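Report on the structure
In case you want the letters, here they are:
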Amino acid sequence: GPETRSARLGDNRFDFFRGKDFYRVLRERVDVLDEYCAVDERQRREMEADAAKRDEVNAMRIKHCGACLLQRGYIVRCEREIKHARSGRVKLVKFPHYLMRTRDQTFVEDAFYAWTYEMPMSWKSVVLSGLFAVLVVAMCLFPLAPIWFKKLILYVCVAILVTFAVIFTVRLVVFVVVWIFTGEHFWIMPNLTDDTVPINEIFSPMWAFDAEAKKIGLAQRFVSLTVGGALVYGLYSYAPETGGAVANLNRAHDSILDLFNLKDGPKSLGGGANATANATNEGNATVEIEVNATVVDDANATNATNATVIPSLDEILAEVGDVEDDEEERGTRDEL
């Protein structure tokens, strides 16, 4: 069949083909035309005798097949949503990435057609879905990974960020140098920040001038160069020394390792060395609590020993009675 690509049509993505490819394939596959759009013997003899007549009849048959696909709703006619070439290109891309449906739904050769039916899931989609599920489970188990694996992931992410930073810095420096001397907008990898370009076309072209950008005069460029130079000199004057910068980088490195619990230490579910330190602190706290409890118990026992015993009511009455008996006996002896 004709070559198909994927593009965004509205809010969804559809596979589409070009009308030119549809015509080219069916011109080569006359057996398909004879199966779905047969001609009688008289027309066949005329086609065999005259090549121009054969091409004309085949074009009519191909158009009839396309019109049948449109009428039955298998395809819809579309056109480019972006009708101008991207920066750094002269011609439009062969297969656009954004399409829009046209009002005219007649079948013509110079148009795009999107398939409206949903194709069955291929084995590649099944494999990718399984790999995605495994990736999600692996991300959930990442806290249980060994320290060296966590450090590997961290350093890979940092390397990617540094690579992008270097690329963007080089692009900016080259742009500024060319702009100062010529006033032209020159970009290395101009499609790097273009979200309408697929990944396989990011590095094509590698460099290009932006023809749509306005050229700046020499005086304005000189003023910009002066201001930029003063700003760079000011930043360089207040920049730390080499030794201080290295020390700051080392502290930042250690801080990142502490933040993600990536310091080397015994393996544990709670995060390595930090979990061990926490366990030690908890043990010390337990011992301290026990010692304090023992001291408190001893103090309570001492206070209980030294405390005054309060007699009961019966004991008080008995003592009062004994005192009264003693007084009566002393009074009787005095009378005698």
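Here the residue index of a chain counts from 1 through its sequence in written order. It should be noted that, the model being predicted, local features are given only for residues of pLDDT at least 70 and side-chain atom pairs only at 80 or more, the latter also being counted only at that level, while totals for whole chains, interfaces and linings use all residues. To obtain the side-chain values, all non-hydrogen atoms of the structure were included, while hydrogens and water were left out.

Quick look at the nonpolar core
What makes a nonpolar core is a set of buried Ala, Val, Leu, Ile, Met, Phe, Trp, Tyr and Cys residues whose side-chain atoms join them at distances within 4.5 Å. Each residue is placed in one exposure class: buried if its accessible area under a 1.4 Å probe, protein chains only, is under 20% of its type's maximum, exposed if it is over 50%, and partly exposed if it falls in between. Of all hydrophobic cores here, the largest spans 13 residues; its most connected members are Phe-22, Leu-26, Ile-62, Cys-65, Ile-75, Phe-107 and Tyr-113. Listed by contribution, the elements that provide at least two residues to this core are helix H1 (19-28) and helix H4 (51-71). By definition in these notes, contact holds between two residues if any of their heavy atoms fall within 4.5 Å. Setting aside residues no more than four positions away along its own chain, Ile-62 makes contact with Phe-22, Tyr-23, Leu-26, Arg-27, Leu-33 and Phe-107. Membership of the second largest hydrophobic core comes to nine residues, among which are Ala-7, Leu-9, Val-76 and Cys-78. Comment: elements are numbered from the N terminus, with helices defined as DSSP H or I runs of at least four residues and strands as E runs of at least two.

Overview of the side chain of Arg-80
The topology assignment puts Arg-80 in strand E3 (residues 75-80). The side chain of Arg-80 is buried and forms no salt bridge, while Asp-110, the nearest opposite charge, is found at 7.6 Å. Arg-80 has contacts with Leu-92, Val-93, Lys-94, Pro-96, Tyr-98, Leu-99, Met-100 and Phe-112, leaving out every residue within four places of it along the chain. His is not counted, nor are the chain ends; Lys and Arg add positive charge and Asp and Glu add negative charge. By definition, a salt bridge exists where a carboxyl oxygen of Asp or Glu is found within 4 Å of a side-chain nitrogen of Lys or Arg.

What about a nonpolar patch on the surface?
Each patch is built from salt-bridge-free residues with over 30% relative accessible area, joining like charges within 9 Å and nonpolar side chains (Val, Leu, Ile, Met, Phe, Trp, Tyr) within 5 Å. Calculation of accessible area relied on Shrake-Rupley with a 1.4 Å probe; when residues are assessed, cover is drawn exclusively from the protein chains displayed. Residues Phe-142, Trp-148, Phe-149, Leu-152, Ile-153, Val-156, Ile-160, Phe-164 and Phe-168 make up a contiguous nonpolar surface patch of roughly 810 Å² in combined accessible area. Tracing the backbone through its elements, the reader meets Trp-148 in helix H6 (residues 147-182). Residue class for Trp-148 comes out exposed when judged on its relative accessible area of 58%.

Quick look at the pattern of salt bridges
Under the counting rule described, the total for this entry stands at six salt bridges. A salt bridge links Asp-21 to Arg-18; its shortest N-O distance comes to 3.1 Å. Here Asp-21 falls in the buried class, since its relative accessible area comes to 4%. A salt bridge links Arg-29 to Asp-31, with the shortest nitrogen-to-oxygen separation between them at 3.2 Å. Note on Asp-31: relative accessible area 46%, which makes it partly exposed. Each of the salt bridges in this network shares a partner with another, and the network as a whole consists of Arg-18, Asp-21 and Arg-24.

Focus on the sheet that holds strand E2 (residues 12-18)
Being paired, for any two strands, means DSSP has found at least two bridges between them. The strand order E1-E2-E5-E3-E4 describes a closed barrel built from five strands, whose pairing is mixed. Looking at each pair of strands side by side, their axes are set apart by 55° on average, direction ignored. By the bridge criterion, two bridges tie strand E1 (residues 4-9) to strand E4 (residues 98-101) in an arrangement that is parallel. Residue pairing in the sheet places Arg-8 in a bridge with Tyr-98 of E4. Inter-axis angles, ranging from 0 to 180 degrees, are taken between N-to-C directions of lines fitted to C-alpha atoms, where helices are fitted over the stretch in contact. Where H1 meets the sheet, its contacts fall on E2 and strand E5 (112-115), and the angle it forms with E2 comes to roughly 50°. Sheet strands in contact with H4 are E3 and E5, and its direction is about 100° off that of E3.

Examining the pairing of E1
Here six bridges tie E1 to E2, and the two strands are oriented antiparallel to one another. Across the sheet, the residue bridging to Ser-6 is Asp-15, located in E2. In sequence, E1 turns back onto E2 through a hairpin of two residues, with Gly-10 there showing a positive phi of about 75°.

Regarding unusual backbone geometry
The phi torsion at Met-189 lies on the positive side, around 50°, for a residue other than glycine. Assessed through its relative accessible area of 8%, Met-189 is described here as buried.

Side note on the pairing of E2
Note that E2 and E5 share three bridges and pair antiparallel. When the bridges of E5 are listed, Arg-18 appears paired with Phe-112.

Examining the environment of Ala-213
Within the element layout of this structure, Ala-213 appears in the loop between strand E7 (207-209) and helix H7 (218-237). On the basis of relative accessibility, which here comes to 23%, the residue Ala-213 falls in the partly exposed class. Sequence separation between Ala-213 and Glu-184 is 29 residues; the distance between their C-alpha atoms is 7.8 Å.

So, the confidence of the model for the protein
Mean pLDDT over the protein: 77, with 74% of residues reaching 70 or higher. One number per residue, pLDDT, summarises how confident the predictor is, and it ranges from 0 to 100. Segment residues 265-280 is flagged for pLDDT under 50; beyond a separation of four residues in sequence, or across chains, it makes 16 contacts in the model. Every residue in residues 304-308 is under pLDDT 50, and counting partners more than four places away or in other chains gives zero contacts.

Structural notes on H1
Burial in H1 covers these residues: Gly-19, Asp-21, Phe-22, Tyr-23, Val-25 and Leu-26. Tucked into the core, H1 has its buried residues touching E2, helix H2 (30-36), H4 and E5.

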